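What the coordinates show
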Amino acid sequence: ASKAKDIKKKNNIYIYEPALSAEIKSRRQLEHDLTFAYQKGQIKLYFQAQIGSGNQLHGAETLVRWEHPELGFIPPNKFIEIAEESQQILKLGAWIMYHAFIQAKAWTRIKPDFNLSINISPIQFHEADFIQNVISIMIETKVDPKNITLELTEGILISDTENAVEKIARIVELGFKVSIDDFGTGYSSLSYFQRLPIHELKIDKSFISRVPNSKEDVAIVESIVHLAKTKDLRIVAEGVETKEQLDFIQQQSANILIQGYYFSQPCPAKKFEKQFLEQ
Ligand code: C2E
Ligand code: CA
Ligand code: CA
Ligand code: CA
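Residues numbered from 1 in each chain as written. Chains lettered and ligands numbered in written order. Predicted model: local features only at pLDDT ≥ 70, side-chain atom pairs only at ≥ 80, totals over all residues. Heavy atoms only, no water.

A few words now on the layout of surface pockets. In this structure, the largest pocket spans a volume of roughly 1,000 Å³. Counting only elements with at least two residues in the lining of the largest pocket, the list comes to β4 (57–68), α2 (76–85), α3 (89–110), β6 (115–119), α4 (122–126), β7 (148–153) and β8 (177–183). (1 Å grid on protein atoms, 1.4 Å probe; cavity = no way out; pocket = protein on both sides within 12 Å on 5 of 7 lines; lining within 4 Å. Points joined across faces, edges and corners; volume = space filled by probe spheres on them. Helix = DSSP H or I, 4+ residues; strand = E, 2+ residues; numbered from the N terminus.)

Shown next, in the form of structure tokens:
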């Protein structure tokens, strides 16, 4: 979106304005800096709790952070896209997966049924070696895949659907759980959805933020919950900030998992452990 303001549409031809070159430069800079960011310890994994019924801890979602030495915290919404466009997401994604699996392994020693969710970029998912890479990291870290949920988005089904469905089936065969993230926001192909061997749907925070006041969003949340129930899927409500939202969600179904600022912000591993895993 920030790109758009620098581009003026003239006679249907997009003309690059000088301001854009500054942005390209900073993107190039970020792209360059990102190459070394994880070796330099600038990439950090944060964890946000997922809370089940009776306020019990179910697990956490892994959310990546980049602490740039000059620019400070760069939000994932900004640098994941850069990493995707430059294909760096393949290495970065593998790095994230490795460290998340190590963390999951440690936390399942404290809580054996702990679940750790990890975001998978569509670029990473579509890579030819994706399954092989997941297997290698699983073997290396000795993580039990039953404690891991891989979060995919609906977008992966747009192209090469058959192949995507097959890959998901492979992941599930290995023992991992699969979640569809941001459910309802993208291209949703309900016919394929019926065939997917998935375990969880995540209701996007854009819907949660407007319940219970927006009738439209109430209807969307209700239909996602209904759909999940017919397939016996776990549901996570993302972005729950208020008691009002919490009450609305819990009225929908007793066992929806809650993830949001109401319970906790994403935080570093040590803080998460102190808050949720120590007696
Ligand atoms: P997402 O997967 O939909 O993650 C949920 C986002 O909602 C996170 O933003 C989280 O911090 C935020 N959130 C959670 N609860 C609340 C709440 O109550 N209120 C508000 N306002 N926000 C809440 P974050 O950490 O900035 O991540 C943004 C996106 O970046 C993620 O959206 C995901 O698409 C991507 N991302 C983050 N970590 C990774 C990663 O390790 N790999 C990949 N491929 N993408 C990642
Ligand atoms: Ca996610
Ligand atoms: Ca999400
Ligand atoms: Ca989201």
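With that settled, consider helix α11 (residues 269–277). Since there are 3.6 residues in each turn of an α-helix, residues three or four apart along the chain are aligned in direction. Regarding α11, the residues found buried are A269, F272 and L277. Seen along its axis, α11 keeps its buried residues to an arc of 75 degrees; they face one direction. Projecting away from the buried face of α11 at angles above 90 degrees are the exposed residues K270, K271 and K274. Tucked inside the fold, the buried residues of α11 contact β3 (43–51), β4, α3 and β12 (267–268). (Buried < 20%, exposed > 50% of the residue type's maximum accessible area, 1.4 Å probe, protein only. Arc of directions from axis to C-beta. Contact = heavy atoms within 4.5 Å.)

Note on metal geometry: ideal angles are 109.5 degrees for four donors arranged tetrahedrally and 90 or 180 degrees for six donors arranged octahedrally. Taken together, E61 (OE), N119 (OD1), E151 (OE) and D181 (OD) make up the full set of protein donors to the calcium ion (ligand 2), lying 2.1 to 2.3 Å away. In the primary structure, the donors to the calcium ion (ligand 2) are separated according to the pattern E-x57-N-x31-E-x29-D. Here the calcium ion (ligand 2) and the calcium ion (ligand 3) are spaced 3.7 Å apart, and both take D181 as a donor. Placement of E61 in strand β4 and of N119 in strand β6 is noted, with a sequence separation of 58 residues between them. A relative accessible area of 31% places N119 in the partly exposed class. (Donors = N, O, S within 2.8 Å, 3.2 Å for Na, K, Ca; no water.)

Inspection of the entire model under this criterion finds 12 aromatic pairs. For the pair Y38 and W95, a centre-to-centre distance of 5.8 Å together with 45 degrees between the ring planes defines the contact as tilted. Here Y38 is found in the loop between α1 (18–37) and β3, whereas its partner W95 is found in helix α3, with 57 residues between them in sequence. Neither Y38 nor W95 differs from the other in exposure class; each is buried. Here the aromatic cluster, defined as three or more aromatic residues joined through ring pairs, consists of F47, W107, F114, F272 and F276. (Phe/Tyr/Trp six-rings, centres within 6.5 Å; stacked < 30°, edge-to-face > 60°.)

What follows is about the coordination of the calcium ion (ligand 3). Surrounding the calcium ion (ligand 3) are the protein donor atoms D181 (OD), D182 (OD), E238 (OE) and E238 (OE), which sit 2.0 to 3.0 Å from the metal. Here the donor residues of the calcium ion (ligand 3) are spaced in sequence according to D-D-x55-E. Note on D182: relative accessible area 22%, which makes it partly exposed. We classify E238 as buried; its relative accessible area is 11%.

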